[in-house]
Structures are given as C-alpha cells and as structure tokens.
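Observations on the model geometry
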2 protein chains.
Amino acid sequence: MADIKAGVNQLFLREEELRTGMELLFYAYREFTAEPDEILAQIGFGRAHHRVIYFVGRYPKITVSELLAILKITKQSLSRVLGELVRQEFIQQQTGVRDRRQRLLELTDKGVELERQLSETQRQRIARAYRMAGAEAVEGFRKVMLGMMDEEDRVKFAPPAPARLAAVKR
Amino acid sequence: MADIKAGVNQLFLREEELRTGMELLFYAYREFTAEPDEILAQIGFGRAHHRVIYFVGRYPKITVSELLAILKITKQSLSRVLGELVRQEFIQQQTGVRDRRQRLLELTDKGVELERQLSETQRQRIARAYRMAGAEAVEGFRKVMLGMMDEEDRVKFAPPAPARLAAVKR
DNA sequence: CCGATCACGTCAACATGGCTGACATAAAAG
DNA sequence: CTTTTATGTCAGCCATGTTGACGTGATCGG
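Residues numbered from 1 in each chain as written. Chains lettered and ligands numbered in written order. Predicted model: local features only at pLDDT ≥ 70, side-chain atom pairs only at ≥ 80, totals over all residues. Heavy atoms only, no water.

Points about unusual backbone geometry
Here Lys61 of chain B, not a glycine, exhibits a phi torsion of approximately 70°, which is positive. As for its position among the elements, Lys61 of chain B is in the loop between helix 2 (47–58) and helix 3 (64–71). (Helix = DSSP H or I, 4+ residues; strand = E, 2+ residues; numbered from the N terminus.)

Encoded structure:
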C-alpha cells in the first residue's frame, strides 16, 4: 500500500522534474535570443545572420563547408545570409592557399564591431547567470548541457584544446 | 608583470567560458528540438504546433490569452496553428462558465497521444542528461537557467506550488 | 593527363511561422 | 448603455528553412 503510493508519487515527481527541465530550456533560450534579435531587426538582419557572424568570429578563416557542418543548414540557406554579410562588408572571403576552391571567411572590422554588439547582451546575461548561480552550478549546467547533446556535438567541447580545434578547423 | 599577465589570462578564460556557455545552449537546444521536429514534419505540423500542444497539455483549461502570454506570439500567429489543431481534433475548446467569452483549451485523447509521442524523445533526452550529470549538476543547471531568465519568467518556477499556478492559471 | 569528385555558388519554387493592420462579435464591466 | 475585454478573422509581408537542378573551377586518383 505505502509502497505503491510512494512509487506513484515518485513517478509524478520525475515527470514533473523533466517537464520543468523542458520549460527552463524553452524560456531561457527565448530570452537569450530576444535582445540580439531586436538589434538585428533594426539593421534588417535576423538570427541567421547572428549565427553566421558569431561562428565566423569564433573560427576565423573557417571554410564554407565547416560553417555548414556547424550550423546544419543547407548551403542555399547559408548562401542567402552569407551573401548579404559579404556584400555589406561584415565578412570578407579570401581564396584558400592550400586549396584554392575554398573561400576562407573572416570578420571585417565592421563585422567584429557588430559581433561584439550583438553578443554583448548575451555575454552579460550568461555572466549574470553564472555569477548568481556560482561556480559549482556552472559546472553542473555544463554537464547537463553536454548530456543533452549527441556525441557528435559533444566532442566539440572536449577539454583538451586540440580536440575542439580538430572538430572544426582541421 | 605577473599581475598583468594573470589579469589578461583571466579575462581570456572568462571570455572563453562565456562563449562556451553560449555554444552549449545553441547545440543543446538544437538537438533538443530535432527529434520532435521530424515527427511533426511527417504529419504536416511544425514546432509551433508542438509548443501549443505542450502547454495545453501542461495547463488543461488554459485560456487563449494565457497561452498567448506564455508563448509571447501574436494572436494571429497562434490562431493559425491552434485552428489547425482544433479542426483536426487534437485540441477541444469549451466556453468558460464564469466568463463565457473565454475558450478553455484542452487536449483530446488524440491530442494527449500526440503530445506523449512528441515529448517522449525530449523527456528521454533530459532524463539521460540528468542521469549522466547527477543530482547536484541538475540543481546547478536549474540555477543557471533561472539566472538566464528575466524576473517575469523566473517566477513561474518559484518553489511554492501556488506561485507557479498563479502565474498562469488564475 | 583526364575523368571523377569536391568546394562553392546560383536560380527557382515552396513551407513554416513570425509580424502588422484592420475589422467583427459577443460578453462582461462600469 | 457605453466601453472594454476575449476571441477570431482576413490580408499581406518578411525571414529562414527546405528540395531540386545546374554550373564552374580546383583537386585528386588511376
């Protein structure tokens, strides 16, 4: 009798806990993207532009294929936003030296400035969250987020630096 | 000299740490939504339908205004997906008794089944992440996610049950 | 060295899901 | 009885994803 009741209750708590996790993710992610979205809208860009600018800033000289592998969108979708960013001189391309088929991507000064502006609110938001939560909580956050990913993405965060570089750069 | 070097290094680590946080969020969220998206696509629905089904399942008898407040989209956007869900009998509406202007929303049996199917992969993913990370990490995850939100959303997760209900139900 | 493959780009068409603005109706509230 | 509220609806726009087809120049393998 008591056994059954406890079991049911535990099941309920588990279900509730999992739902809470889903919602934390939903609300946090939405607010995380809200502020940059506003800035982007003012200059006629969208979140897709932000993602491209972010990762080109993160990995200077990244190739188009590598960027596609990170974003997991089609080259046609990327081409649209990347083209705009290049035409408006936020990003510059240069032909690869080892492989002249490649177009290596880099932020221009203008691009660096926009990246900084866009990510600033997000960095502040994360910094605030980390500060409020404490170092131990941050480690927990990291663990849970990693557990949420498939192996493929998880390796990008492997502690030894070479592994991370290897996953994207080459 | 040593001071300056340490300071710079710490700044670098901080920047790197914040960027890592942003990326953890990006990759985890993307994979979190990938599986339901596939199922949805097969029945001609999208992520927007999932969100509606999810929150109607979460808060049975929720009103349209309350749902709008959670999703933070326009009523026209909601109307499109909600209309489809009602017409295809995943959700049923019933006129409010206290206020007959309200349309109280509830999942039908068909809706419950779809919700279960859609969220199942996500629950498993979270459960796996929680299991891998451990209870302490989960608490850290919770703290960081809450710190990421604005106060407005944070109150939805207040520990005393009445607070959470009050935020949405009434 | 030549044919296959690769990196990248482009055109066209389509779907989803946001948005604004305008207008309508029934119920509640003052 | 007038105003406000809850909901719905029509119409059109935009951003961003998709598929499919095709092209060009560079590299690679036999």
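Some points on the environment of Ala129 of chain A
If you trace the backbone, Ala129 of chain A turns up in helix 5 (residues 109–133). The contact partners of Ala129 of chain A, leaving out residues within four places of it in the chain, are Val144, Gly147 and Met148 of chain B. (Contact = heavy atoms within 4.5 Å.)

What about the pattern of salt bridges?
What the rule picks out here adds up to 33 salt bridges over all chains. In this structure, the salt-bridge partner of Arg58 of chain A is Glu16 of chain B, at a minimum N-O distance of 3.2 Å. Residue Arg58 of chain A is found in helix 2 (residues 47–58), and its partner Glu16 of chain B is found in helix 1 (residues 2–42); the two belong to separate chains. Note on Arg58 of chain A: relative accessible area 15%, which makes it buried. Here the salt bridges share partners, and the residues they tie into one network are Glu15 and Arg19 of chain A together with Glu115, Glu120 and Arg123 of chain B. (Salt bridge = Lys/Arg side-chain N within 4 Å of Asp/Glu carboxyl O. Buried < 20%, exposed > 50% of the residue type's maximum accessible area, 1.4 Å probe, protein only.)

Thoughts on helix 4 (residues 75–87) of chain B
Residues spaced three or four apart along an α-helix face the same direction, because each turn holds 3.6 residues. All names here are of chain B. The first and last C-alpha atoms of helix 4 sit 17 Å apart over 13 residues, in line with the 18 Å expected at 1.5 Å per residue. Those residues of helix 4 that sit buried are Leu78, Val81, Leu82, Gly83 and Leu85. Residues of helix 4 that are buried make contact with helix 2, helix 3, strand 1 (91–95) and strand 2 (103–107). (Expected span 1.5 Å × (residues − 1).)

Comments concerning the protein's contact with DNA strand C
Contacts to DNA strand C come from 25 residues, most closely from Ser65 and Lys75 of chain A together with Arg47, Arg51 and Arg80 of chain B. In this structure, Arg103 of chain A approaches DNA strand C through a main-chain N or O atom, which is 3.3 Å from a phosphate oxygen. Within the backbone of Arg100 of chain B, a nitrogen or oxygen atom sits 3.0 Å from a phosphate oxygen of DNA strand C. Elements supplying a minimum of two residues to the surface near DNA strand C: helix 3 (64–71) and helix 4 (75–87) of chain A together with helix 2 and helix 4 of chain B. (Near = heavy atom within 4 Å. Polar contact = N/O pair within 3.5 Å; in protein donor to acceptor, adjacent residues only side chain to side chain.)

Comments concerning the nonpolar core
Within soluble globular proteins, side chains that are nonpolar generally end up buried alongside one another. Counting residues in each nonpolar core, the largest one holds 94 residues, and the members touching the most others are Val52 of chain A together with Val52 of chain B. Once residues within four sequence positions are removed from consideration, Val52 of chain B is found in contact with Leu67, Leu71, Leu78, Val81, Leu82, Leu85 and Ile91 of chain B. (Core = buried A, V, L, I, M, F, W, Y, C linked by side-chain atoms within 4.5 Å.)

Quick look at the protein's contact with DNA strand D
Around DNA strand D sit 25 residues in total, of which Arg51, Ser77 and Arg80 of chain A together with Ser65 and Lys75 of chain B are the nearest. For DNA strand D, the fraction of protein-proximal atoms (within 4 Å) that sit in sugar or phosphate groups is 56%. Arg51 of chain A places a polar side-chain atom, nitrogen or oxygen, 2.5 Å from a phosphate oxygen of DNA strand D. Arg100 of chain A places a main-chain nitrogen or oxygen 2.8 Å from a phosphate oxygen of DNA strand D. Taken together, the elements giving at least two residues each to the surface near DNA strand D come down to helix 2 and helix 4 of chain A together with helix 3 and helix 4 of chain B. When residues in the surface near DNA strand D are grouped by element, the largest group, 4 residues, is from helix 2 of chain A. Taken together, the residues of the surface near DNA strand D sort by class into 3 nonpolar, 11 polar and 11 charged. (Nonpolar A, V, L, I, M, F, W, Y, C, P; charged D, E, K, R; others polar.)

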